[in-house]
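One letter stands for each residue in the lines below.
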Amino acid sequence: MRLDPVTMEIVGNRLSAMTEEMCLTLQRTSRSLYVKETADFCCAFAGLDGGFVAYPRGIGVSGFVGLNVLTTVEAAGPLEPGDVIITNDPYRSGGLATHLTDIQLIEPYFHEGELVGYGWAFIHCSDIGGRVPSSLSPVNDEIFQEGLQIPPVKLVRAGEPSRDVEALISANSRTPEANLGDIRAMRAALRTGRERLAGVVAQHGLATVLDAQRDLVEYTAGKARAALAALGDGTHRFVDYLDDDAVSSLPVRLSVTATLRAGDLDLDFTGTDPQVAAAFNIATLGRPHAWITTRVLALICTLDPGIALNAGLIAPITVTTPEGSLVNPVHPAAVGVRHASANRVNDAVGGALGLAAPHVLPAASSGLVVPVVVAEQRAAGQNVQVLEPMVGGTGARDGADGVDGRDSGISNLSNNPVETVETEIGVEILRYGLRTDSGGAGRWRGGCGLELTFRVRGEGSKLLARGLERMCFRPWGVRGGGPGAATELIVNPSTARERRHFKIDVLPLEPGDVVTLLTSGAGGYGDPYTRDPEAVLRDVERGVVSREAAARAYGVLLAEADGGLAVDGPATADARREHRPDRGAHDGGAERRAWESVFDTAAVDRLVAALFRLPGPARTPRRTALYTAVLAGLPAGFPRTAPSPEQRDAARRTLVQEITELERMSA
């Protein structure tokens, strides 16, 4: 360490405050609803190595602290004062952009001709072109369908904006005015950072600021290793699933093996399925990318709440992500709905680390982020808006219930005020609140999901809801806790025109149609029959647990008393006396048990290994053919419908035969 601790702390706090002021500038000057209200944006200060030295703690998207700007900077060529780089290309930016609707700006900061570092800002834009309004669709199978790809180029040269680049972006978007307004807001944020950094250099000197870049990151790295070392050494594995890939009914497997050793952590994703011909791939480029390390960063910050947010958080982490897998796809794989897979990575990493620290890690959170988008026709063109970024609940943990209606996974986005939504788009919000009985039962209850119900008012409206997940494989509970409720999407519920949907692309809506989205709840922790009956009563009084579920899931019987409800002590004691607790480590529900009764871990390990011995283009067709052959002998609706023992055994024999043949082919 080059600086004394006091100086390092002062400079670090000033740089962190600088990034928060950058974020405030961006939010206050932005144009789009998704930036100014939802807060899908962030700003940071990167050091000369491209890693973030200072990152905001209280505003903006928190999960991108592990990104690096250096690949983008090098691709844009020699830089001079006043330059600003723009990109949205996940592959050419080295993973800095994570899908095309995330527009990135980078400005080099100089002092007397010497490069000091880089200002960074990003926003999620409402539309960057492509096949569908809002650009993102789960069924896109290559990135060219997802919109305009902007390689790292100079948006501003020596202080002079490139009107050609702005014109190109505007011509390829359904929301050009909002996009340009947000880009200019990012430029204002970068200018704020440049001015504040100049003040830090003037007060402390250039050498101190440069030394602080290294010292701050190294200090955080040391604290991160100390936090992980507290978990002890060991190797732990966990498997989880996406419901399907939106272009077939086949689940997509995510596997992670976490190895802890003296404060270092290796995450090995061997056993994860090959990349899919859909938009769920995560372009990590084989690096410890933000989308696959978010759960670890959250764990470190939980174990050490005072730790600074900078690139040192990922220093102890190494990853193995097989090339051509879901978590390291090959260009031009589509990546638009990468957040759905990132949620499942979060769950899998949390499950693995939970085996190391069961009293620290929670049960699975809701496991989805669904920006509910409505696109409508207007005289001047299309109006595309995100109504709400819908999430579910937070997983319960040892000693505490999960948080209702908020997810501790990858999203810390704000909800949009109903009044603002109804002003910006032609819908009427009928209900926006917590979903009763959605949190997994447990001694500590999982957080409830949300309900959003709205009526469409305009002509020619379309619904997009990218990121729909946990509609089959529910968020798992731990140590006897139950799984959360599954996600549901219903149009015109409880009417003759009711339609239930799973993953959707673009869903046309008629004026007067009512749409209800019920998001998944989170997993519970511990045996629900040991939950304090008074806590169950409070849940019923709050409306997050029904009276029927109190009896069924918790063994708590309630009786009328003085115009309200009270716990019936004798009846509750009788109901709980016959209970036999489930001591299993994880409970993913009947659907997961049914699936794994046929597709067990060892067999699918063989399957995935054999697939990766095939050429990349052959993997998905062969995988689909194999699963189709096995599923042909199982009941319609499997795994929601459990097979008979005879069907299960026959399907397992078919699976082994198919894998053996695949291994022969790929040898």
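Cut-off values and rules
Residues numbered from 1 in each chain as written. Predicted model: local features only at pLDDT ≥ 70, side-chain atom pairs only at ≥ 80, totals over all residues. Heavy atoms only, no water. Core = buried A, V, L, I, M, F, W, Y, C linked by side-chain atoms within 4.5 Å. Buried < 20%, exposed > 50% of the residue type's maximum accessible area, 1.4 Å probe, protein only. Contact = heavy atoms within 4.5 Å. Pairing = 2+ DSSP bridges. Helix = DSSP H or I, 4+ residues; strand = E, 2+ residues; numbered from the N terminus. Axes fitted to C-alpha atoms, helices over the stretch in contact; angles between N-to-C directions. Parallel < 35°, antiparallel > 145°, perpendicular 65-115°, else oblique. Left-handed = near helix turned anticlockwise from the far one by under 90°. Nonpolar A, V, L, I, M, F, W, Y, C, P; charged D, E, K, R; others polar. Phe/Tyr/Trp six-rings, centres within 6.5 Å; stacked < 30°, edge-to-face > 60°.

Trainee: Help me out: how do you make sense of the nonpolar core in this one?
Mentor: In globular proteins that are soluble, nonpolar side chains generally tend to be buried together. Grouped together as the largest cluster of nonpolar side chains are 128 residues, with contacts concentrated most on L26, W120 and L267. Non-local contacts of L267, meaning those with residues more than four positions away in its chain, are made with V256, T257, A258, I292, V296, I317, T318, V319, T320 and V349. Judged by nonpolar contacts, the second largest core, of 27 residues, contains L368, V372, V391 and V421.

Trainee: Can you walk me through the sheet that holds strand 4 (residues 102-111) in this structure?
Mentor: Pairing between the strands of a sheet is mediated by backbone hydrogen bonds and can be parallel or antiparallel. Taken in spatial order, the seven strands of this open sheet run 2-1-5-4-3-6-7, and their pairing is antiparallel. The outermost strands of the open sheet, each flanked by one partner alone, are strand 2 (52-54) and strand 7 (160-161). Inspection of the sheet shows strand 4 paired to strand 5 (residues 114-124) by 10 bridges, in the antiparallel sense. Looking at the pairing, I106 lines up with W120 of strand 5.

Trainee: Please clarify how the packing of helix 14 (residues 601-611) against helix 15 (residues 616-631) should be interpreted in this entry.
Mentor: The angle between the axes and the distance between the axes are what describe a pair of packed helices. Remark: helix 14 packs on helix 15, axes separated minimally by 10 Å, with the N-to-C direction vectors making an angle of 150°. As judged from the angle between their axes, helix 14 and helix 15 are roughly antiparallel. You can see that helix 14 and helix 15 cross each other, and the crossing is right-handed. Between helix 14 and helix 15, the residues in contact are V604, L607 and L611 and R619, R622, R623, L626 and Y627, respectively. When grouped by side-chain class, the residues that make up the contact of helix 14 with helix 15 number five nonpolar, no polar and three charged.

Trainee: Honestly, the packing of aromatic side chains in this entry has me stumped. Any pointers?
Mentor: The relative placement of two aromatic rings is captured by the distance of their centres and the angle of their planes. The final tally for this structure, using the stated rule, is 14 aromatic pairs. Both rings, one in W595 and one in F599, keep their centres 4.2 Å apart while their planes meet at 25°; by these two values the pair is stacked.

Trainee: Which parts of the structure should I look at to understand the environment of H289?
Mentor: Inspection of the secondary structure puts H289 in the loop between strand 10 (264-268) and helix 7 (290-303). When its relative accessible area of 5% is taken as the criterion, H289 is described as buried. Separated by 25 residues in sequence, H289 and I314 place their C-alpha atoms 8.9 Å apart. For H289, the residues in contact, after removing those within four places along its chain, are L67, G95, T98, A283 and T284.

Trainee: Just checking my understanding: could you explain the environment of H236 for this structure?
Mentor: With respect to the helices, strands and loops of the structure, H236 is situated in strand 8 (residues 234-242). The spatial distance from the C-alpha of H236 to the C-alpha of G351 is 8.8 Å, given a sequence separation of 115 residues. With near-sequence residues (within four places) excluded, H236 lies in contact with V256, T257, A258, A352, L355 and A356.

Trainee: Looking at this structure, I do not really get the packing of helix 1 (residues 5-29) against helix 6 (residues 206-229). What am I missing?
Mentor: For the pair helix 1 and helix 6, interaxial distance at closest approach is 10 Å and the crossing angle is 95°. In terms of axis orientation, helix 1 runs roughly perpendicular to helix 6. Contacts between helix 1 and helix 6 involve T7, M8, V11, G12 and L15 from the former and T208, A212, D215, L216 and Y219 from the latter.

Trainee: I tried to follow the sheet that holds strand 14 (residues 427-434) on my own but got confused; where do I start?
Mentor: Ordered in space as 14-15-21-18-19, the five strands form an open sheet in which the pairing is antiparallel. Lying at the two open borders of the sheet, with one neighbouring strand each, are strand 14 and strand 19 (499-501). Strand after strand, the sheet turns through a mean of 15° between neighbouring axes, direction not considered. For strand 15 (residues 450-456) and strand 21 (residues 514-518), the ladder comprises five bridges, and the chain directions are antiparallel. Among the inter-strand pairings, F454 is bridged to a residue of strand 21, identified as V515.

Trainee: Would you mind going over the environment of V369 with me for this structure?
Mentor: As for its placement among the helices and strands, V369 is situated in the loop between helix 8 (338-356) and strand 12 (370-378). With relative accessibility at 6%, the residue V369 sits in the buried group. A C-alpha to C-alpha distance of 21 Å links V369 and R592, two positions 223 residues apart in sequence.

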